[in-house]
Amino acid sequence: MFDFKISYLGTERPILVIDDELLTFKYDGENFLVHKRYLGDISVLAEWWLRKQAATYIQDRVVEISEKTGIDGYKRIRISNAVSRWGSCSSNKTLSFNWRLIMAPIDVIDYVIVHELAHLVEMNHSKKFWGILGEIMPDYMDKRRWLRIHGRKLMMFNKNP
Ligand SMILES: [Zn+2]
């Protein structure tokens, strides 16, 4: 039996194979649907869809969290395909986020966003940096732990050898 699942915002959603000529691939809010002819391309289709969601979701969430925390000053938001990196903040104030983050739970995505925003204040991992992070997100250690335990699996999704 075909039992591939796609994780989206922390929930594993089943993929249903269907025989509807009008449909290639879509998400109906609960399941992913794929036409049987495109089953072989499922990981490519899933990546295309997840990247699109990541671009919108993360962009919007950065703006929201930036407004809520008052941490501003980033120049650009990029969705990256970086190997083994969930996010980064460059010296020219570009925030980058790995598209695979969209597979993680919402609070874990928030943690990575808060982490990179905090780098706009402290461009290092000093005590002061973790202090800022702890003020914004007191339980950030739980999210880091989640990424340590489950992040590897998400990072492997469609990763080039
Ligand atoms: Zn960092």
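Coordinates for the structure precede this section.
Here is what the cut-offs are and how they apply
Residues numbered from 1 in each chain as written. Predicted model: local features only at pLDDT ≥ 70, side-chain atom pairs only at ≥ 80, totals over all residues. Heavy atoms only, no water. Salt bridge = Lys/Arg side-chain N within 4 Å of Asp/Glu carboxyl O. Helix = DSSP H or I, 4+ residues; strand = E, 2+ residues; numbered from the N terminus. Axes fitted to C-alpha atoms, helices over the stretch in contact; angles between N-to-C directions. Parallel < 35°, antiparallel > 145°, perpendicular 65-115°, else oblique. Contact = heavy atoms within 4.5 Å. Donors = N, O, S within 2.8 Å, 3.2 Å for Na, K, Ca; no water. Buried < 20%, exposed > 50% of the residue type's maximum accessible area, 1.4 Å probe, protein only. Bend = angle between axes of the 7 residues up to and from the residue. Pairing = 2+ DSSP bridges. Phe/Tyr/Trp six-rings, centres within 6.5 Å; stacked < 30°, edge-to-face > 60°.

## Here we look at the pattern of salt bridges
Inspection of every chain in the model, using the stated rule, returns 10 salt bridges. Between glutamate 12 and lysine 153 there is a salt bridge, and its shortest N-O distance comes to 3.6 Å. Here glutamate 12, found in strand 2 (residues 11-18), pairs with lysine 153, found in helix 4 (residues 140-155); they are 141 residues apart in sequence, far enough to count as distant. The partner of lysine 143 in a salt bridge is aspartate 107, and the shortest N-O contact between them spans 3.0 Å. Of this pair, lysine 143 sits in helix 4 while aspartate 107 sits in helix 2 (residues 106-118), and the two are 36 residues apart along the sequence.

## Observations regarding the packing of helix 2 against helix 4
Where helix 2 contacts helix 4, the axes come no closer than 9 Å and their chain directions differ by 105°. If you check the angle between helix 2 and helix 4, you find them roughly perpendicular. Contacts from Asp107, Val108, Tyr111 and Val112 of helix 2 reach helix 4 at Tyr140, Lys143, Arg144, Trp146 and Leu147.

## What to know about the coordination of the zinc ion
Coordination of the zinc ion by the protein involves His115 (NE2), His119 (NE2) and His125 (NE2), with metal-donor separations of 2.0 Å. Here the donor residues of the zinc ion are spaced in sequence according to H-x3-H-x5-H. Pair noted here: histidine 115 is in helix 2 and histidine 125 is in the loop between helix 2 and helix 3 (127-136), with a separation of 10 residues, a long-range link. Here histidine 115 falls in the buried class, since its relative accessible area comes to 9%.

## A short note on the side chain of serine 88
Within the secondary structure layout, serine 88 lies in strand 6 (residues 87-89). Of the residues examined, serine 88 reaches a relative accessible area of 17% and is grouped as buried. What serine 88 contacts, discounting residues up to four positions off in sequence, is Thr94, Leu95, Ser96 and Glu116.

## A short note on helix 4
By the largest-angle criterion, isoleucine 149 marks the main kink of helix 4, which is about 50°. Residues of helix 4 that are buried: Tyr140, Lys143, Leu147, Gly151, Leu154 and Met155. Of the surrounding secondary structure, the elements contacted by the buried residues of helix 4 are strand 7 (94-98), helix 2 and helix 3.

## Remarks on the sheet that holds strand 7
The sheet built from 3 strands is open, its strands ordered 5-7-6 with mixed pairing. For this open sheet the edge positions go to strand 5 (76-80) and strand 6, each flanked by a neighbour on one side alone. With strand direction ignored, the average angle separating the axes of adjacent strands in the sheet is 15°. Both strand 5 and strand 7 contribute to a ladder of 5 bridges, which runs parallel. Pairing of arginine 78 across the sheet is with serine 96, part of strand 7. Sheet contacts for helix 2: strand 6 and strand 7; angle to strand 7, the most-contacted strand, approximately 155°.

## Examining the packing of aromatic side chains
For the structure on display, the rule yields 10 aromatic pairs. Each ring, one from tyrosine 8 and one from tryptophan 49, has its centre 4.9 Å from the other, and the planes form 70°; the classification is edge-to-face. Placement of tyrosine 8 in strand 1 (residues 5-8) and of tryptophan 49 in helix 1 (residues 42-69) is noted, with a sequence separation of 41 residues between them. When its relative accessible area of 15% is taken as the criterion, tyrosine 8 is described as buried.

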